Amino acid sequence: MTRASLSVVCLALLLSCACWAKPNGSKNKKPKQVVPAIECDVRAGKINLPEFIVKCPSHCKETKQQVYGTGVFASISSICNAAIHSGIITNSGGKVIVRKMAGQNVYKGSNSNGVRSLSLPKWRESFVVSEGKPKRGVIYPSTLDYVPSRPTYVKTSQKDKSPAVTTATPTTIGPEPTTDTTPEPTTTTTTTLAPTSTPTTTTLPPAPTTGKARAAAHKVRDAGSSHPYLASVAAAGSRQSQSGPGKSPSQVLRGSAYPNRFPQRASAGLRRPEAGSAIRRPSSPVGPAFNRVQPAPAERTPTMSQANPAFPRRDWAPPSFPRPDWFPGARRTADVIYAAPDSGYMWSETDTPDAAAPRSTDSDSNRKVPLDTTHTRVEPVDAWKADANLYESGFSTREQEPAPRAPEPVSQGDPNCKVDLVFLMDGSWSIGKRRFKIQKDFLADVAQAINVGVAGPMMGIIQYGDDPVTESSLKSYSNSKDVKSSIEKIVQKGGLSNVGKALSYINKQYFSDANGNRGGAPNVAVVLVDGWPTDKVEEASRLARESGINIFFVTIEGPDDSEKQNLVEANFVDKAVCRTNGFFSLPVTSWFALRKAVQPLVKRVCDTDRLVCSKTCLNANDIAFVIDGSSSVGTGNFRTVLQFVANVTREFEISDTDTRVGAVQYTYEQRLEFAFGQHNHKAELLNAIKRINYWSGGTSTGAAITYAAEQLFSKSKPNKRKIMIVITDGRSYDDVRAPALAVHRQGVIAYSIGIAWAAQDELEYIATDPDKEHSFFVDEFDNLYKFVPKIIHNICQEFNSQPRN
């Protein structure tokens, strides 16, 4: 019977324990994320949280709220329009996660997703946006703490009146604290502002109080729900209001929603209080997180002291929100931020007015605030002892400010690789997200390897799909570090692989002065393509080559024999690259082997001597004009001939490294007017042509050709195309066949232009074969201008028809 009773009792106990455990188990449910909604005009800097989630409404794009920056935005930017600009949400709205960052010196403007962002030279705070899907276990605040447009004041009245509070409900009134000689430590549970999955516990020992203090009212923002984060904020504010006048302003701040980085010291010795805690001053506006009622001064213990009033404390404007770890500048401890220099005496509050306190002059010389002499007295400071503990003697050490950092030297780049380089990266859907990331890593490695700089290579990026989009121009970034950072922010656009469209885009728009084209550096375009293009590239490539663009192709996992039937254009690489000798094409068998192609590619694009497509029909010539100055021409017609020479010269790019021009005038004799390279600027060269004086005399064309070969073409550069243009108005007194044949053998391309009485057979002897393409005749001098386009066209057609192997 006894055993049965014991069994029944044990069973009842087990059932009761199981019943009590059920409610506790049901409390472990994950809190649901509440997403606060905002308007289109809300700026990130107006919210006092380092990281939070919000919901944007629809049609924010039409409000045209301003956005500053690209990828990383200034805090004065509209959150919703910044998210639309970054592609996080569409114009129909959605959830956005905002994370604040340190300020930047440069914010780049751009146009993306229908939102135009503006540039900004510098701002104190930045933020980035991401997709509104919190990570597992992360809960963001369900309400937002806004920065008010005007400071909020909380006033207190006489002792016999209840405190008036200007904040919205709910308002927490702290109960009257009781005197306790051995206060127990108060434990508050708070969560940091950065979203975390577990709360942290901070122990804050309250200061002892003597006497009766009035109840203080604190502004506590309505939590809106039973969220643990907001509940802890309210609890912390309520407890801090009970601490009475024994706490300094910085101690009250420590009990706010933002935990202080420097916790209080649990010390029984003397401690320097906050300046201004013992001296009553008119209430001043503070940050929105710290709006509070300052309690009336009550009886103070001798342990709370004040610095010398002869040195007035400086009113530091409190920040709009606590400085997080990433905030630049020196951090000051809360114990000394308001402290004045020590002079041997301290001010403390007592009930007996033993001595009258002198007036304290505020930092503003025009405003004097009298001290409350009814609660102050002067008392000497205890003598310092050698064996005293620094932290128990009431003194605090000031944290030394770090020495200013020297500015990092700006890289000028590799002068041996001075090229204007653009990468056409494949953003089509066929590439996938994983391979698109590999492609971005490859570009970042190339940017690091070539050492971007203003005196070396400049690098830009275009992403192509259905249409090409400029990710960065040649002048966007002047060092490899910035280029790599911009590559990380590139988002895949999708679409087809229209390489032909992209090549037309770089030829017509990208390599321009507005985009940073330097002119003196070779233009290089490297095309990255997954498999093969989805449009034709031959015509667009030809026009790009003729404009001086060196086209490289990097094909990853190109078509095999069974896939070549799917190509839109067979042999697309050979039809696109600058030359078909293998130097400008780089096939890669696998995406995972792409990184191995970094160094070979960098070595090729930096080999400026082999970038032959930079040499065009307009910048790779030595042109000699052989001008007839005989008596039959006349002064007026000679000026017309000089005008024709100037019109032809204007079409070329003139410099010592580009096209050079020389001139010879002849009669019976010959005269060198100016040699190759004597005038290396177009304006200077045109003035030299204009200053040529008419000579007058006979006509010895053969001797003039020989003279030009000796004085000009013998000094021509090896990589220049040698072109001679002979202008005459009559038959020569000497033979022209032998001199013409001699210059032809030297590789000179000869054009002959006859006017009025010129002999047709001599013009054909002088001209290079075929005669019809190099020999011209006009009846009058005034018709010379008609042949300028024809001559330029023939020169360029011959240049571009050279074999590409």
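Cut-offs used in this document
- Residues numbered from 1 in each chain as written.
- Predicted model: local features only at pLDDT ≥ 70, side-chain atom pairs only at ≥ 80, totals over all residues.
- Heavy atoms only, no water.
- Helix = DSSP H or I, 4+ residues; strand = E, 2+ residues; numbered from the N terminus.
- Contact = heavy atoms within 4.5 Å.
- Buried < 20%, exposed > 50% of the residue type's maximum accessible area, 1.4 Å probe, protein only.
- Arc of directions from axis to C-beta.
- Salt bridge = Lys/Arg side-chain N within 4 Å of Asp/Glu carboxyl O.
- Core = buried A, V, L, I, M, F, W, Y, C linked by side-chain atoms within 4.5 Å.
- Pairing = 2+ DSSP bridges.
- Axes fitted to C-alpha atoms, helices over the stretch in contact; angles between N-to-C directions.
- Phe/Tyr/Trp six-rings, centres within 6.5 Å; stacked < 30°, edge-to-face > 60°.
- Lys NZ or Arg CZ within 6 Å of the ring centre and 35° of its normal.
- Disulfide = S-S within 2.5 Å.

Brief notes about the overall build of the protein
- Counting its regular elements, the protein contains 17 helices and 29 strands.
- Sequence separation of at least 24 residues holds for 78% of the intrachain contacts in the protein that already meet a minimum separation of 6.

Remarks on helix α8 (residues 538-546)
- Listed in full, the buried residues belonging to α8 are Ala540, Ser541, Ala544 and Arg545. Down the axis of α8, the buried side of the element spans an arc of 135 degrees, and every buried residue falls inside it.
- Buried-residue contacts for α8 involve α7 (499-510), β22 (549-556) and α9 (572-576).
- Of the residues trailing α8, glycine 548 is marked for its positive phi of about 95 degrees.

A look at the pattern of salt bridges
- Applying the stated criterion to the full structure yields 16 salt bridges.
- Arginine 660 is the salt-bridge partner of aspartate 622, the closest N and O atoms lying 3.0 Å from each other. Of this pair, aspartate 622 sits in strand β24 (residues 621-628) while arginine 660 sits in strand β25 (residues 660-666); the two residues are 38 residues apart in sequence, bridging distant segments of the chain.
- Under the relative-accessibility criterion, arginine 660 is labelled buried at 7%.
- A single network of salt bridges, built from pairs that share partners, joins Arg435, Asp530 and Glu557.

Here's the deal with the nonpolar core
- Counting residues in each nonpolar core, the largest one holds 69 residues, and the members touching the most others are Leu424, Phe442, Ile506 and Phe553.
- Among the elements that line this core, the one with the most residues is helix α5 (residues 432-450), at 7 residues.
- Counting residues in hydrophobic clusters, the runner-up holds 37 residues, among them Ile623, Phe625, Phe644 and Ile654.

Comments concerning the side chain of serine 126
- With respect to the helices and strands, the residue serine 126 is situated in strand β7 (residues 125-131).
- Setting aside its immediate chain neighbours within four residues, serine 126 contacts Val72, Phe73, Ala74, Ser75, Arg99, Lys100, Met101, Ala102, Gly103, Gln104 and Tyr107.

Considerations on the sheet that holds strand β26 (residues 670-674)
- Reading across the sheet, the 6 strands line up as β26-β25-β24-β27-β28-β29 and stay open at both edges, with mixed pairing between neighbours. In this open sheet, the two edge strands, each paired with only one partner strand, are β26 and β29 (775-778). Taken over all neighbouring pairs, the strand axes of this sheet differ in orientation by 20 degrees on average, direction set aside.
- Two elements, β24 and β25, share 7 bridges in a ladder whose sense is parallel. Counterpart to valine 626 in the pairing with β25 is valine 664.

Structural notes on the packing of aromatic side chains
- Scanning all chains against the criterion turns up 10 aromatic pairs.
- Residues phenylalanine 583 and phenylalanine 584 carry aromatic rings whose centres are separated by 5.1 Å and whose planes lie at 80 degrees to one another, so their mutual orientation is edge-to-face.
- What makes phenylalanine 583 buried here is its relative accessible area of 9%.
- Residue phenylalanine 584 is classed as buried on the basis of its relative accessible area of 1%.
- Ring geometry for phenylalanine 776 and phenylalanine 787: centres 5.4 Å apart, planes at 50 degrees, overall tilted. Of this pair, phenylalanine 776 sits in strand β29 while phenylalanine 787 sits in the loop between β29 and α17 (788-800), placing them 11 residues apart in sequence. Each member of the pair, phenylalanine 776 as well as phenylalanine 787, is classed as buried.
- Put simply, the rings of Phe552, Phe583 and Phe584 pair up and form one aromatic cluster.
- Arginine 604 extends its terminal NZ or CZ atom over the ring of phenylalanine 583, reaching a point 6.0 Å from the ring centre.
- The side chain of arginine 671 reaches across the aromatic face of tryptophan 695, ending 4.7 Å from its centre.

Section: the state of the cysteines
- Summed over the entire model, instances satisfying the criterion amount to 5 disulfides.
- Here cysteine 56 is linked by a disulfide to cysteine 80, with a sulfur-sulfur distance of 2.2 Å. Given an S-S torsion of about -95 degrees, the disulfide between cysteine 56 and cysteine 80 has left-handed geometry. Here cysteine 56 is found in strand β1 (residues 51-56), whereas its partner cysteine 80 is found in helix α2 (residues 79-86), with 24 residues between them in sequence.
- Here cysteine 617 is linked by a disulfide to cysteine 796, with a sulfur-sulfur distance of 2.0 Å.

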